[in-house]
Amino acid sequence: MLMFCCCLLQNSELFTLTYGALVTQLCKDYENDEEVNKQLDKMGYNIGVRLIEDFLARSSVGRCQDFRETADVIAKVAFKMYLGITPSVTNWSPAGDEFSLILENNPLVDFVELPDNHSTLIYSNLLCGVLRGALEMVQMAVDVRFAQDTLRGDNVTEIRMKFIKRIEENLPAGDDQEERKMVFY
Amino acid sequence: MTVHNLYIFDRNGTCLYYNEWNRKKQAGISKEEEFKLMYGMLFSIRSFVSKMSPLDMKDGFLSFQTSRYRLHYYETPTGLKFVLNTDLSVGSARDTLQHIYSNLYVELLVKNPVCVLGQSLESELFSSRLDAFIRGLPYYSPRAA
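Only a predicted model underlies this, so the values are computations on that prediction, with no experimental measurement involved.

**Thoughts on the sheet that holds strand β1 (residues 3-9) of chain B**
Within a beta sheet, neighbouring strands are joined by backbone hydrogen bonds and run either parallel or antiparallel to one another.
Residue and element names in this part refer to chain B.
Link 1 in the chain: What the five strands build is an open sheet, ordered β2-β1-β5-β4-β3; its pairing is antiparallel. The open sheet has two edge strands, β2 (15-20) and β3 (63-65), and neither has a second partner. Along the sheet, successive strands turn relative to each other by an average axial angle of 10 degrees, direction set aside.
Link 2 in the chain: Bridge count for β3 against strand β4 (residues 69-75) is three bridges, and the pairing is antiparallel. Bridging across to β4, serine 63 finds its partner in histidine 72.
Link 3 in the chain: With respect to the sheet, helix α1 (residues 31-52) is in contact with β1, β2, β3, β4 and β5 (81-87), its orientation differing from that of β1 by roughly 80 degrees.

The structure is reproduced here in structure tokens:
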């Protein structure tokens, strides 16, 4: 475990540079900030649906009881585990269905400056996709977006997360009646 | 002391993996019907158990036993369901199933970009590691008790 942590610290520059190379390549391929944002979100989603399994396997965190607990687990356990940072959870909406994660520093953007012609690029949009994909796999539909970004001149990086609805578990495709008959014959 | 068989289902009811080590009697129906039956039963019993619980539920359905075998159940928050049938000498296989999830499923399948999740798992490495793990369990023996 300790050796793993040391590797992680040594590799954080490699990680930051790899992410930067990824975004740069996407910008070259798509030439349009909106499209790059979408691709980052999609890639993040695909990472998220798998990352959640690794997270559950390594952290032995059980099901969260409510959205507040989810927020705490995301900030204190997940972000710490994967990015080595602990954002703070603030700005709860009165209904308790929306909150902000404030990141003092964002390891993805070390050494990065956005050029003027990419003012609408959401550089770290991968994170939004990851959070969305991961939570979808634990039956929560959420909307995740960047409200503030240090790369675009703000003081802090703020990710806003909103709970949309609970994704209900369904019986597999096929006749429900038939399923029940099979169980009770 | 023995392990009879193992099923792995995903959150949609698809049987991702099935293997048997010591099963003397078959169900008499096709494998597809057997998986549907197993999943349907799990779905019903989980809902029953939580509805009828006289106290606040923590983990939910864990296992059931008959006069000949015990069925052990482990479900992850992502809806992945592990079902292990053993003989009665095995009290709880929760740790075993958790190990299969954390150290085999997640390490070998989730982290493998080539493996498509949500359909029947076809990883030789997973099959052989799982087989070795089951055979290495302290309560496994080739013959039923």
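**Details of the side chain of arginine 46 of chain B**
Link 1 in the chain: One can find arginine 46 of chain B in helix α1.
Link 2 in the chain: Beyond its immediate stretch of four places on either side in the chain, arginine 46 of chain B contacts Glu169 of chain A together with Phe61, Tyr73, Glu75 and Lys81 of chain B.

**Some details on the environment of histidine 4 of chain B**
Residues and elements named next belong to chain B.
Link 1 in the chain: Secondary-structure assignment places histidine 4 in strand β1.
Link 2 in the chain: Each C-alpha atom, one on histidine 4 and one on serine 67, is 15 Å from the other, the two residues being 63 residues apart in sequence.
Link 3 in the chain: Side-chain polar atoms of histidine 4 contact the backbone oxygen of asparagine 22, separated by 2.7 Å.

**Some points on helix α3 (residues 33-59) of chain A**
Working note: α-helix, 3.6 residues per turn, so residues spaced by three or four point in the same direction.
Link 1 in the chain: The largest bend in α3 of chain A is about 30 degrees, located at arginine 50 of chain A.
Link 2 in the chain: Two to three positions downstream of the cap, the backbone nitrogen of glutamate 34 of chain A sits 2.8 Å from a side-chain oxygen, assigning the N-cap of α3 of chain A to asparagine 32 of chain A.

**Quick look at the interface of chain A and chain B**
Frequently, the measure chosen for interface size is the accessible area that the parts lose on association.
Link 1 in the chain: Every contact between the two is made by 22 residues of chain A and, on the other side, 32 residues of chain B.
Link 2 in the chain: When chain A packs against chain B, close to 2200 Å² is buried across both sides, 56% of that on carbon and sulfur atoms.
Link 3 in the chain: Scanning the region where chain A abuts chain B turns up one salt bridge.
Link 4 in the chain: Residue aspartate 54 of chain A is joined to lysine 111 of chain B by a salt bridge in which the shortest nitrogen-to-oxygen separation is 3.0 Å.
Link 5 in the chain: For the interface between chain A and chain B, the tally reads nine residue pairs in polar contact (both at pLDDT 80 or more).
Link 6 in the chain: Listing elements by their share of the side of chain A that touches chain B, those giving two or more residues are α3, α5 (125-137) and α6 (176-184) of chain A.
Link 7 in the chain: Sort the elements by how many residues they give to the side of chain A that touches chain B and α3 of chain A lands first, with six residues.
Link 8 in the chain: Looking at the side of chain A that touches chain B residue by residue, the class counts come to 10 nonpolar, three polar and nine charged.

**Observations concerning the sheet that holds strand β2 (residues 98-103) of chain A**
All names here are of chain A.
Link 1 in the chain: Spatially, the four strands line up as an open sheet ordered β1-β2-β4-β3, and their pairing is antiparallel. The open sheet terminates on both sides in strands that have one partner only, identified here as β1 (88-90) and β3 (140-148). Averaged over all neighbouring strand pairs, the angle between strand axes comes to 25 degrees, with direction disregarded.
Link 2 in the chain: Pairing analysis gives eight bridges linking β3 to strand β4 (residues 157-166), with the strands arranged antiparallel. Its bridge partner lying in β4, valine 142 is registered against phenylalanine 163.
Link 3 in the chain: Of the strands in this sheet, β1, β2, β3 and β4 are in contact with helix α4 (residues 67-83), which crosses β2 at around 15 degrees.
Link 4 in the chain: Packing of α5 onto the sheet brings it into contact with β3 and β4, and relative to β3 it is tilted by some 165 degrees.

**Looking at helix α2 (residues 12-30) of chain A**
Residues and elements named next belong to chain A.
Link 1 in the chain: Along its 19 residues, α2 runs 27 Å from first to last C-alpha, staying within 8% of the 27 Å computed at 1.5 Å per residue.
Link 2 in the chain: Those residues of α2 that fall on the buried side of the exposure criterion are Thr16, Tyr19, Gly20, Val23, Leu26 and Cys27. In a view along the axis of α2, the buried residues occupy a sector of 125 degrees, so they form one face of it. Those residues of α2 that are exposed and aimed more than 90 degrees away from the buried face are Leu14, Leu17 and Lys28.
Link 3 in the chain: Structurally, α2 contributes buried residues whose contacts are with α3 and α5.

**Observations concerning unusual backbone geometry**
All names here are of chain A.
Link 1 in the chain: For glutamate 31, which is not glycine, the phi dihedral falls at a positive 55 degrees.
Link 2 in the chain: By secondary structure assignment, the location of glutamate 31 is in the loop between α2 and α3.
Link 3 in the chain: Residue glutamate 31 is classed as exposed on the basis of its relative accessible area, which comes to 71%.

**With respect to the pairing of β1 of chain B**
Link 1 in the chain: Summarising burial for β1 of chain B: seven of the seven residues are buried, a large majority.
Link 2 in the chain: Taking the residues between adjacent antiparallel strands as the criterion, β1 of chain B and β2 of chain B are bridged by five residues, where glycine 13 of chain B takes a positive phi near 95 degrees.

**What about the packing of α3 of chain A against α4 of chain A?**
All names here are of chain A.
Link 1 in the chain: At a closest axis distance of 11 Å, the pairing of α3 and α4 adopts a crossing angle of 95 degrees. Judged by the inter-axis angle, α3 sits roughly perpendicular to α4. Along its contact with α3, which presents Leu51, Asp54, Phe55, Arg58 and Ser59, the element α4 presents Val73, Val77, Ala78, Met81 and Tyr82.
Link 2 in the chain: Grouping the constituent residues of the contact of α3 with α4 by class yields seven nonpolar, one polar and two charged.

Criteria and thresholds
Residues numbered from 1 in each chain as written. Chains lettered and ligands numbered in written order. Predicted model: local features only at pLDDT ≥ 70, side-chain atom pairs only at ≥ 80, totals over all residues. Heavy atoms only, no water. Pairing = 2+ DSSP bridges. Helix = DSSP H or I, 4+ residues; strand = E, 2+ residues; numbered from the N terminus. Axes fitted to C-alpha atoms, helices over the stretch in contact; angles between N-to-C directions. Contact = heavy atoms within 4.5 Å. Polar contact = N/O pair within 3.5 Å; in protein donor to acceptor, adjacent residues only side chain to side chain. Bend = angle between axes of the 7 residues up to and from the residue. Buried area = accessible area lost by both parts, 1.4 Å probe. Salt bridge = Lys/Arg side-chain N within 4 Å of Asp/Glu carboxyl O. Nonpolar A, V, L, I, M, F, W, Y, C, P; charged D, E, K, R; others polar. Expected span 1.5 Å × (residues − 1). Buried < 20%, exposed > 50% of the residue type's maximum accessible area, 1.4 Å probe, protein only. Arc of directions from axis to C-beta. Parallel < 35°, antiparallel > 145°, perpendicular 65-115°, else oblique.

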